[in-house]
Amino acid sequence: MSNALNSFVSFLADGNTVTTKQARTMFKVENVADLAYRARNEGLAVYTNRVTTSRGEKTIAYRLGNPSEQFSKYIESGHIARARKTLYRDAIEIGRAHV
């Protein structure tokens, strides 16, 4: 893993959430979505959430979650694309439950 990816994962593993703007500054990267993508390819359950800041701006925030059993099965069998689809579907279902 690269230094930026290690820092990103460590930050999230401490229970933190980071917005796109914060991550660009903290980890000195332009493409934060790529960091999340690479972390997912390592088998980590990085969730992407739409949030509204205290200023009323809509943005994206990333957090580390607990992978579902199906996600873990796909990762273990080497089906990375299927694992990501499972992760996205789980995140959407969680978002709908909170509405």
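Refer to the structure presented above.
Within every chain, residues take consecutive numbers counted from 1 along the sequence as written. Local features are withheld for residues below a pLDDT of 70 in this predicted model, meaning they are given only at 70 or higher, and side-chain atom pairs are given and counted only at 80 or more; totals for whole chains, interfaces and linings count all residues. Only hydrogens and water are removed before side-chain values are computed, so all heavy atoms of the structure are retained for them.

A. Broad picture of the environment of Thr-52. Note on conventions: DSSP H or I runs of at least 4 residues are helices, E runs of at least 2 residues are strands, and numbering of each starts at the N terminus. Take Thr-52: it is sitting in strand E2 (residues 46–52). Excluding residues that lie within four positions of it along the chain, Thr-52 makes contacts with Glu-57 and Lys-58. Working rule for contacts: check all heavy atoms of both residues, and any pair within 4.5 Å makes them a contact.

B. Representation of helix H2 (residues 20–27) in the model. In this scheme, a residue with accessible area under 20% of its type's maximum is buried, one over 50% is exposed, and one in between is partly exposed, where area comes from a 1.4 Å probe on protein chains only. By the burial criterion, the buried members of H2 are Thr-20, Ala-23 and Phe-27. Considered in projection along H2, the buried side chains sweep an arc of 60° and stay on one side of the axis. Turned more than 90 degrees away from the buried face of H2, the exposed residues are Lys-21 and Thr-25. Packing partners of the buried residues in H2 comprise helix H1 (3–13), strand E1 (18–19), helix H3 (32–41) and strand E3 (58–64). Where H2 ends, the next residue or the one after it, Lys-28, has phi of about 55°, a positive value. To obtain the arc, one takes the directions from the helix axis to the C-beta atoms.

C. Region of the structure containing the nonpolar core. One finds Phe-8, Val-18, Phe-27, Leu-35, Val-46 and Tyr-62 to be the most contacted residues of the largest nonpolar core, which totals 15 residues. Counting only elements with at least two residues in this core, the list comes to H1, H2 and H3. For this core, the element with the highest residue contribution is H1, accounting for five residues. Each residue touching Leu-35, except ones within four places of it in the same chain, is listed here: Ala-4, Leu-5, Phe-8, Phe-27 and Val-29. Put simply, buried Ala, Val, Leu, Ile, Met, Phe, Trp, Tyr and Cys residues joined by side-chain atoms within 4.5 Å make one nonpolar core.

D. Expanded view of the packing of aromatic side chains. Each pair of aromatic rings taken from Phe, Tyr and Trp, with Trp reduced to its six-membered ring, is defined by centres within 6.5 Å and is described as stacked if the planes are under 30 degrees apart, edge-to-face if over 60, and tilted in the remaining cases. Counted under the stated rule, the structure contains three aromatic pairs. Each ring, one from Phe-8 and one from Tyr-62, has its centre 6.1 Å from the other, and the planes form 75°; the classification is edge-to-face. Here Phe-8, found in helix H1, pairs with Tyr-62, found in strand E3; they are 54 residues apart in sequence, far enough to count as distant. Comparing Phe-8 with Tyr-62, the two get one shared label, buried. Here Phe-11 and Phe-27 contribute two aromatic rings whose centre-to-centre distance is 6.1 Å and whose plane-to-plane angle is 70°, an arrangement assigned as edge-to-face. With a gap of 16 residues between them, Phe-11 in helix H1 and Phe-27 in helix H2 connect regions that are remote in the sequence. By the criterion adopted, a ring carries a charge over it if an Arg CZ or a Lys NZ lies within 6 Å of its centre and within 35 degrees of its normal. Across from the ring centre of Tyr-47, 4.5 Å away, lies the NZ or CZ of Arg-63, which sits over that ring.

Just distances and angles here, no functional claims.
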